[in-house]
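These are the residues of each chain, in order.
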Amino acid sequence: MTMTATIEAERLSDALLDRLPASVARPAYDRAAVTPGIVHLGLGAFCRAHLATYTDAVLAAGATDWGIVGVDLLSPAIRDALKPQDCLYTVLTREDGRDQVQVVGSFIDAMATADQRDAVIALMARPEIRIVTLTVTEKGYCQDAATGALDEAHPLIRADLADPAQPRSVPGLLVEAIRARRAAGVPPFTVLVCDNLAQNGTKVRGIVIRFAELRDPELAAYIAAQVSFPCTMVDRITPATQDADRLAVDTALGFEDRWPVVTEPFRQWVIEDRFPLGRPAWETAGAIIVDDVHPFELMKLRCLNGAHSLLAYLSVVAGIGTVAEAMADPQLPAVVRRLWAEDLIPTLPPVPDTDIPAYTQALEARFRNPGIRHRTLQISSDGSQKLPPRLLEPARERIAAGVQPTVIPLAVAAWMRFLLGEDEAGAVYAVADPLAGDLTRIAQAHRDDSAALVDALFAVEDIFAPELAADAGFRAAVAAQLDSLMHVGVRATLTAFLAQR
Ligand code: CS2
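None of the values given here were measured: they were computed from a predicted structure.

Trainee: Sorry if this is basic, but what is going on with the side chain of D382 here?
Mentor: For D382, the location among the structural elements is in the loop between α14 (376-379) and α15 (383-400). Only 2.7 Å separates the side chain of D382 from the side chain of K139, close enough to count as a polar contact. Excluding anything up to four places from it in sequence, D382 contacts T137, K139, A432, D433 and P434.

Trainee: Just to check I follow, could you spell out the pattern of salt bridges for this structure?
Mentor: Think of it this way: side chains of opposite charge can pair up when their charged atoms draw near. By the definition in use, this model includes 33 salt bridges. R279 serves as the salt-bridge partner of D273, at 2.8 Å between the closest nitrogen and oxygen. Residue classification places D273 among the partly exposed positions, given a relative accessible area of 42%. Using a relative accessible area of 18% as the deciding quantity, one classes R279 as buried. Within this structure, R79, D80 and D115 form a network of salt bridges that share partners.

Trainee: Hey, could you run me through the packing of helix α12 (residues 332-344) against helix α13 (residues 356-368) in this one?
Mentor: When two helices pack together, their arrangement is given by the angle between the helix axes and the distance between those axes. Packing of α12 against α13 brings their axes to within 11 Å, and their N-to-C directions diverge by 150°. One way to sum up the angle between α12 and α13 is to call them roughly antiparallel. For α12 against α13, the interelement crossing comes out right-handed. Along the contact surface, α12 presents P333, R337 and W340, while α13 presents T360, L363, E364, F367 and R368. Partitioning the contact of α12 with α13 into residue classes produces 4 nonpolar, 1 polar and 3 charged.

Trainee: What should I look at first to understand the site of the ligand in this one?
Mentor: Residues in contact with the ligand, as listed here, are N196, D235, R236, I237, K300, N305, H308, H374, I379, K386 and R390. Within the backbone of R236, one N or O atom sits 3.0 Å away from an oxygen atom of the ligand. Looking at the shell around the ligand, the elements that each hand over two or more residues are α10 (294-318) and α15. Ranked by residues supplied to the shell around the ligand, first place goes to α10 with 3 residues. Formed jointly, the shell around the ligand draws a minimum of three residues from each of two domains, domain 1 (28-80 + 105-238 + 263-290) and domain 2 (294-499).

Trainee: Just checking my understanding: could you explain the environment of L17 for this structure?
Mentor: Among the secondary structure elements, L17 is positioned in the segment before β1 (36-41). Between the C-alpha atom of L17 and that of V103, which follows or precedes it by 86 residues, the distance is 8.7 Å.

Trainee: Can you walk me through the layout of surface pockets in this structure?
Mentor: With a probe scaled to a water molecule rolled over the atoms, the places where space remains empty come into view. Empty space within the second largest pocket amounts to approximately 380 Å³. Among the secondary structure elements, those contributing two or more residues to the lining of the second largest pocket are α10 and α15. Examining the composition of the lining of the second largest pocket, we find that 7 residues originate from one element, α15, more than from any other. Partitioning the lining of the second largest pocket into residue classes produces 13 nonpolar, 6 polar and 5 charged. Both of domain 1 (28-80 + 105-238 + 263-290) and domain 2 (294-499) provide at least three residues apiece to the lining of the second largest pocket.

Thresholds applied
- Residues numbered from 1 in each chain as written.
- Predicted model: local features only at pLDDT ≥ 70, side-chain atom pairs only at ≥ 80, totals over all residues.
- Heavy atoms only, no water.
- Helix = DSSP H or I, 4+ residues; strand = E, 2+ residues; numbered from the N terminus.
- Polar contact = N/O pair within 3.5 Å; in protein donor to acceptor, adjacent residues only side chain to side chain.
- Contact = heavy atoms within 4.5 Å.
- Salt bridge = Lys/Arg side-chain N within 4 Å of Asp/Glu carboxyl O.
- Buried < 20%, exposed > 50% of the residue type's maximum accessible area, 1.4 Å probe, protein only.
- Axes fitted to C-alpha atoms, helices over the stretch in contact; angles between N-to-C directions.
- Parallel < 35°, antiparallel > 145°, perpendicular 65-115°, else oblique.
- Left-handed = near helix turned anticlockwise from the far one by under 90°.
- Nonpolar A, V, L, I, M, F, W, Y, C, P; charged D, E, K, R; others polar.
- Near = heavy atom within 4 Å.
- Domains from an automatic or database assignment.
- 1 Å grid on protein atoms, 1.4 Å probe; cavity = no way out; pocket = protein on both sides within 12 Å on 5 of 7 lines; lining within 4 Å.
- Points joined across faces, edges and corners; volume = space filled by probe spheres on them.

The following block contains the structure:
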């Protein structure tokens, strides 16, 4: 027998909050007194760095009826990590080597649809739940990304229409919960979509009503008349948690946290104030309450997320691992600046109290934050869902205004090159996308013929609106960039690109 018994680190919990190091911020309120007011669908890193931190501050200011019950939708993994630690977890905020550590308490319970679907629906139907918030990613809404309408052929939608009491899709779950509330005489909750869709609330409203129409037209009419879907703009760069993050957090706490999140200091939340059953006073924590989110959302979705996608596809193909590394590249920052100045900012309406060029300068600093290891491969996922609102819609608007975009064709071409699934050094990576099967098949079929590849991908109507696909100038520009990426590579393509004006 050896003497090296492993000592299991004690797990973060309510009972040991008092024993955390003084530098660690923790819930400044009695968690036992907090009751649920929000059900949150989608327990990933983002909502835990965003919604939960704003709500934590509202609870610290004295509200007791806005606790959040988080629902894990894909697998029960996050629920299973959080439950044994009383749903507490750590938010590690990093910038310039300055770490701030905060234990967040606003999730008061965690569930998973994988094995608790009926209980989740029953909770959503309870009168004290007044808001259902969602971070389920773009694809979670089962939309046709080009039109933003419900994808009626989606396997989950078909399954839910066949068996609506056992929903597996997000529209199916929302509609079943609203139906159950109505049957119990409880007015509907507000649906607060916190994903990066253009006009997110309005779009999801359309998707949910359409699903309900296919299920029960009378219920659809009720939802159309009674359920509020405010639009929001959400922003905080929060990569998927990595093992090194867990280690850093455990070291800072002196205790074990199985699923912390690492994020940047910046956060922004702009919300339309349409909550018939009330809402937490999120503005006291810095949220901006407005009548119309649209200008804010366009600015963020295009400038931040559009630049992310451009960087991600060029970087994955060139073998550059993170956004911060991409921003240390001699060429990529100049390409991003041109994307903002030439193609995106001209499409934006004025944004209240905001200087848009200054906003993009601040974005550049955020992208450079070396404390945030945001993997370009993570951002590359779900391009079929992300490209339309981030880059294709602005391209369409520029063309409609009589101007060919200059940088967007390069971004679209980089995505097409990315679909080959192999970087320039021959390293293979997975193309993660709900349409991955079709897209990678098309890419492989035309891997030696850039013009044929562009034609075949432009024909995918779920991604390219017919108007944009039909524009010969845009198509030729994408084809020229793709040809260059395929034949001379990212570096030489960028050299040529930056040389022309
Ligand atoms: C990113 C976003 O993964 C992505 O596609 O562009 O997750 C981005 O980091 C957030 O929207 C920032 O608010």
